[in-house]
Amino acid sequence: MKKATTILVFLVCTLAIGCNKSHQINGSSLKTVNRSVNSIKEKLPLDQRIEFEVSFWTLRDEIRNNKDFLNEIDGKTPDQLIAKGKELFLKRKASGIKDYEQYSNWDQMIAQYTQERIDQNRKKTPDIRDKTNPHRVDYKMQSM
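What counts as what
- Residues numbered from 1 in each chain as written.
- Predicted model: local features only at pLDDT ≥ 70, side-chain atom pairs only at ≥ 80, totals over all residues.
- Heavy atoms only, no water.
- Helix = DSSP H or I, 4+ residues; strand = E, 2+ residues; numbered from the N terminus.
- Buried < 20%, exposed > 50% of the residue type's maximum accessible area, 1.4 Å probe, protein only.
- Salt bridge = Lys/Arg side-chain N within 4 Å of Asp/Glu carboxyl O.
- Arc of directions from axis to C-beta.
- Polar contact = N/O pair within 3.5 Å; in protein donor to acceptor, adjacent residues only side chain to side chain.
- Contact = heavy atoms within 4.5 Å.
- Phe/Tyr/Trp six-rings, centres within 6.5 Å; stacked < 30°, edge-to-face > 60°.
- Lys NZ or Arg CZ within 6 Å of the ring centre and 35° of its normal.
- Expected span 1.5 Å × (residues − 1).

- As annotated in an unreviewed UniProt entry, the chain carries the name Lipoprotein and is attributed to Methylomonas methanica.

1. Some words on the side chain of Ser 55
Logical step 1: You can see Ser 55 is positioned in helix α3 (residues 46-62).
Logical step 2: With a relative accessible area of 0%, Ser 55 lands in the buried category.

2. Quick notes on the pattern of salt bridges
Logical step 1: For the coordinates displayed, the defined rule picks out nine salt bridges.
Logical step 2: The shortest N-O distance in the salt bridge between Glu 53 and Arg 117 comes to 2.6 Å. Of this pair, Glu 53 sits in helix α3 while Arg 117 sits in helix α7 (residues 106-122), and the two are 64 residues apart along the sequence.
Logical step 3: Overall, Arg 117 belongs to the partly exposed group, its relative accessible area being 34%.
Logical step 4: With a shortest N-O distance of 3.9 Å, Glu 87 and Lys 84 are connected by a salt bridge. Note that Glu 87 and Lys 84 are positioned in helix α5 (residues 78-94) at a spacing of three residues, about one turn of the helix.
Logical step 5: Three or more residues joined by partner-sharing salt bridges are found here, namely Asp 61, Glu 62, Arg 64, Lys 91 and Arg 92.

3. Description of helix α4 (residues 66-73)
Logical step 1: Every buried residue of α4 is listed here: Phe 69, Leu 70 and Ile 73. For α4, the angular spread of buried residues about the axis comes to 100°, placing them on one side. Facing away from the buried side of α4, by more than 90 degrees, are the exposed residues Lys 67 and Asn 71.
Logical step 2: With a side-chain oxygen positioned 2.9 Å from the backbone nitrogen of Lys 67, the residue opening α4 is Asn 65.

4. Focus: the side chain of Gln 48
Logical step 1: Following the sequence through the fold, Gln 48 ends up in helix α3.
Logical step 2: Here the side chain of Gln 48 touches Asp 79 through a polar contact of 2.9 Å, side chain to side chain.
Logical step 3: Residues contacting Gln 48, with those up to four places away along its chain left out, are Asp 79 and Ile 82.

5. Notes on the packing of aromatic side chains
Logical step 1: Evaluated as defined, the whole model comprises five aromatic pairs.
Logical step 2: Both rings, one in Phe 56 and one in Trp 57, keep their centres 4.9 Å apart while their planes meet at 85°; by these two values the pair is edge-to-face.
Logical step 3: Judged by centre distance (6.5 Å) and plane angle (50°), the ring pair of Tyr 103 and Tyr 113 falls under tilted. Of this pair, Tyr 103 sits in the loop between α6 (98-101) and α7 while Tyr 113 sits in helix α7; the two residues are ten residues apart in sequence, bridging distant segments of the chain.
Logical step 4: Pairwise contacts between aromatic rings join Phe 56, Trp 57 and Phe 69 into one cluster.
Logical step 5: Above the plane of the ring of Phe 69 lies Arg 60, whose end atom (NZ or CZ) is 4.6 Å from the centre.

6. Some thoughts on α5
Logical step 1: The first and last C-alpha atoms of α5 sit 24 Å apart over 17 residues, in line with the 24 Å expected at 1.5 Å per residue.
Logical step 2: Pro 78, Leu 81, Ile 82, Gly 85, Leu 88, Phe 89 and Arg 92 are the residues of α5 that are buried. Down the axis of α5, the buried set is contained in an arc of 120°. They therefore lie on one face. Opposite its buried face, α5 presents the exposed residues Asp 79, Leu 90 and Ala 94, each directed more than 90 degrees away.

Now the structure itself:
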């Protein structure tokens, strides 16, 4: 009975520790990074989601080596990643990269990306082929 209780306590502690990192990026491989980033992104409020995405891809663009990227991103929370994205924005703006010259600050860039995302979602118009060809499949049933 003592062994069963010990094993149960160990499993509960392991589960609690494993669930505690749900808001951190798992950087053990690129596959787990993508999985945890998508999971975190779904839980974020809309205003923070774009900041998170932009920061992630800016960091990925900055660090091309997979191993270095995984080491840099492992264990980061959304707030830490966004802070890193802001650092990289300031660094790139100071170095004179043309894409960043049009923005006076981070918030302006995020506001523009947010507006672009809203505009993309609004422009979805149904394809004319969908209107002329109804969604229907007819089968010719023949006896065997």
